[in-house]
Amino acid sequence: MSEGTIFTKSRCGRKGIDLPALDVPPVDPAAVFGAGSLRSAPAGLPEVSEAQAVRHFVNLSSKNYHVDKGMYPLGSCTMKYNPKMNEDLARLPGFTGLHPLAPEELCGGALQLMDELGRFLCEITGFEGISLQPAAGAHGELTGLLLIRNWHLERGDTARVEILMPDSAHGTNPASCTLAGFRTVNVKSNSRGEVDIDDLRAKAGPATAGLMLTNPNTLGIFESGIEEITRIVHDAGGLCYMDGANMNAMLGIARPGDMGFDVCHLNLHKTFSAPHGGGGPGSGPVACRDFLARYLPDPVVTRTGDGGPAMTRPERSFGRLLAFHGHFGVLVRAWAYIRTLGAAGLREASETALLNANYLKARLRDTYDVPYDDGPCMHEFVISGERQARAGVKTLDIAKRLLDYGFHAPTVYFPMIVHESMMIEPTETESLESLDAFVEAMLSIAREIDEKPHLVTDAPVNTPVLRLDEVRAVKELEIVEKWENS
Ligand SMILES: *Cc1c(COP(=O)(O)O)cnc(C)c1O
């Protein structure tokens, strides 16, 4: 069905709004902006009625898949439902109207919120210092690594140029490492999918600046030897960084600070209520031990002598990381999420996320290969489509077929240490009924592969656009034409 674009719906003279007559003296735009910057012809904006505009965008929005529409089991991304109340709070005019250059004495409420959120996150992670400035997880990684770098440099230890990193690391980890001026040294995983401790011991040494580790790791497995791992790195003179993007697995259960880590980032837009995907604003606060807090980005929100929160510059700060003060709206949502759930509620969210993931894994185990399955998983798990690939149907086909069944696909082909991998994270959001519906879809697809594989290799057939050329879809983004042809 061709719906056209908002431009093809345009009819000359049709209007959706009535603007009041001008009640201020008219200005001459040419005098204000310069004649050269004025248009010579109208902008060609669509002329439609209000109803047409509203219908057009509502129809477009419902073509998109999102977590308000259905289950979104995208492993590593923690696509959970975000309470709408937190959206309302982030939109309070007192917050949205606050100018980023407003003087500190007029920002008491915002500073108090940042101070409280910082202290909640320190309590959750087991650390003492925090910066809310990083704009995303990867930005937090860079921040944390710069803390480690500056700590070594201040002590005159210039030979420490290596960061140890398991081969299952998230893709942003080695990239951040390079940006921070370090070299990545890969540490192998063992047959259980955990860090190979002997390999770690062999690679830790005088060149080790630190370790960067995701825990639970990207296989959804908690590193059972975590205290030994951090001890080995400390004994070699390095510091330990935890990629805490997967904190949704551990809220109120385990803390990076107690495991021997020195610094970690959190993804507020995964664990602490902010819609994400599609490049919306994120937030990747970095929490650290006392001795690293003096290097944090400028400014941090701290309590001053008279008890009120204020912005201060840490003693050896490496400067600003971002203009202004981080993505404040995301901080409001996180604060609201933590305050509404409370300590017990946060723990319950993680426990439910763990239960949901283990339930799915148990129900899929007979039909799909589960390569690292020595015990319970954490909030996510990785299955392999190798058995199905032998029948000629790839994991990509399964992912596309899931769209026909009304589910967003899991993360596919990551982590790379598993062939034909599918990384599934249901989060705490899903009810037993929706988990069961997802399982039924996965089992039904497996049956199709045995009986009528073309149903899977031709998928999707029920979506607004059919299978796209993955490479061309990125390089030649012709959204308008694709919509019109569908
Ligand atoms: C999402 C994620 C990141 C990166 O976070 P961004 O906000 O996308 O930069 C890093 N590590 C892990 C384990 C993640 O899941």
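On a predicted model such as this, the values are computed, not experimentally measured, just so you know.

Trainee: Which residues make up the environment of Asp196, and what values do they have?
Mentor: Within the fold, Asp196 resides in the loop between strand E3 (183-187) and helix H8 (197-203). Setting aside chain neighbours within four positions, we find Asp196 in contact with Val187, Lys188, Ser189 and Asn190. One polar contact links the side chain of Asp196 to the main-chain amide nitrogen of Asp198, over a distance of 3.1 Å.

Trainee: Could you give me a rundown of the site of the ligand, with the residues and numbers involved?
Mentor: For the ligand, the set of nearby residues contains 13 residues, the closest of which are Ser76, Gly137, Asp243, His269 and Lys270. Measuring from a nitrogen atom of the ligand, one finds a side-chain N or O atom of Asp243 at 2.5 Å. When isolated, the ligand has an accessible area of 380 Å², and the protein chains bury 86% of it. Elements with a contribution of two residues or more to the shell around the ligand: helix H6 (137-154) and helix H10 (268-271). Residues of the shell around the ligand, tallied by class, amount to three nonpolar, seven polar and three charged.

Trainee: How would you explain the sheet that holds strand E12 (residues 421-424) if you had to name every residue and give the values?
Mentor: Taking strand neighbours across the sheet as the criterion, the three strands line up as E10-E12-E11 in an open arrangement whose pairing is antiparallel. This sheet does not close on itself; its edge strands, each paired only once, are strand E10 (381-384) and strand E11 (411-412). By the bridge criterion, two bridges tie E11 to E12 in an arrangement that is antiparallel. Bridge pairing in E12 links Val412 to Met422.

Trainee: If you had to explain the packing of helix H14 (residues 395-404) against helix H15 (residues 432-451) to someone new, which residues and values would you point to?
Mentor: Two elements in contact, H14 and H15, have axes separated by 10 Å at closest approach and are oriented at 125 degrees. When the axis of H14 is compared with that of H15, the two are oblique. The chirality of how H14 crosses H15 is right-handed. Residues Ile398, Arg401 and Leu402 of H14 lie in contact with H15, whose contacting residues are Phe438, Ala441, Met442, Ile445, Glu448 and Ile449. For the contact of H14 with H15, the per-class residue count stands at seven nonpolar, no polar and two charged.

Trainee: Explain empty space enclosed by the protein residue by residue, including any values.
Mentor: Inspection of the entire model under this criterion finds one cavity of 30 Å³ or more. Taken as a whole, the largest cavity holds about 50 Å³ of empty space. In this structure, the largest cavity is lined by Leu219, Gly220, Ile221, Lys361, Pro371, Tyr372, Cys377, Phe381 and Val382. Looking at the lining of the largest cavity, its residues break down into seven nonpolar, one polar and one charged. Lining the lining of the largest cavity are residues from two domains, each supplying at least three of them: domain 2 (84-340) and domain 3 (344-475).

Trainee: Residues and numbers for the nonpolar core, please.
Mentor: Within the largest apolar cluster, 55 residues are counted, with the highest numbers of intra-cluster contacts made by Leu121, Leu200 and Phe272. Broken down by secondary-structure element, the contributors of at least two residues to this core are helix H5 (108-125), E3, H8, strand E4 (208-214), helix H9 (226-235), strand E5 (239-244), strand E6 (263-266) and helix H12 (328-364). Among the elements that take part in this core, H12 stands out by supplying 10 residues, more than any other. In terms of domain composition, this core takes at least three residues from each of domain 2 (84-340) and domain 3 (344-475). Sequence-distant contacts of Phe272, defined by excluding residues within four places in its chain, comprise Leu121, Ile124, Leu251, Leu266, Asn267, Arg333, Ala334, Tyr337 and Ile338. Counting 25 residues, the second largest nonpolar core, distinct from the first, contains Leu364, Phe381, Ile424 and Ala446.

Trainee: An account of the domain arrangement of the chain is requested, with residue identities and associated values reported.
Mentor: Partitioning the chain into structural domains gives domain 1 (1-60), domain 2 (84-340) and domain 3 (344-475). Between domain 2 and domain 3, the residue contacts involve 28 residues of the former and 22 residues of the latter. Buried area between domain 2 and domain 3, summed over both chains or domains, comes out near 1800 Å², and the portion from carbon and sulfur atoms is 64%. Remark: the boundary between domain 2 and domain 3 carries zero salt bridges. The interface formed by domain 2 and domain 3 includes seven residue pairs in polar contact (both at pLDDT 80 or more).

Trainee: Please give an account of the side chain of Glu223 that cites residues and values.
Mentor: In this structure, Glu223 sits in the loop between E4 and H9. For the buried Glu223, which has no salt bridge, the nearest side chain bearing the opposite charge is Arg192, at an N-O separation of 7.2 Å. Among the polar contacts listed, one links the side chain of Glu223 to the backbone nitrogen of Val195, at a separation of 2.9 Å. Ignoring sequence-local partners within four residues, the contact set of Glu223 consists of Glu194, Val195, Leu213, Asn215, Asn217 and Ile229.

Procedures and definitions
Residues numbered from 1 in each chain as written. Predicted model: local features only at pLDDT ≥ 70, side-chain atom pairs only at ≥ 80, totals over all residues. Heavy atoms only, no water. Helix = DSSP H or I, 4+ residues; strand = E, 2+ residues; numbered from the N terminus. Contact = heavy atoms within 4.5 Å. Polar contact = N/O pair within 3.5 Å; in protein donor to acceptor, adjacent residues only side chain to side chain. Near = heavy atom within 4 Å. Areas by Shrake-Rupley, 256 points an atom, 1.4 Å probe, with all protein chains shown as cover. Nonpolar A, V, L, I, M, F, W, Y, C, P; charged D, E, K, R; others polar. Pairing = 2+ DSSP bridges. Axes fitted to C-alpha atoms, helices over the stretch in contact; angles between N-to-C directions. Parallel < 35°, antiparallel > 145°, perpendicular 65-115°, else oblique. Left-handed = near helix turned anticlockwise from the far one by under 90°. 1 Å grid on protein atoms, 1.4 Å probe; cavity = no way out; pocket = protein on both sides within 12 Å on 5 of 7 lines; lining within 4 Å. Points joined across faces, edges and corners; volume = space filled by probe spheres on them. Domains from an automatic or database assignment. Core = buried A, V, L, I, M, F, W, Y, C linked by side-chain atoms within 4.5 Å. Buried < 20%, exposed > 50% of the residue type's maximum accessible area, 1.4 Å probe, protein only. Buried area = accessible area lost by both parts, 1.4 Å probe. Salt bridge = Lys/Arg side-chain N within 4 Å of Asp/Glu carboxyl O. Lys, Arg positive; Asp, Glu negative; His and termini not counted.

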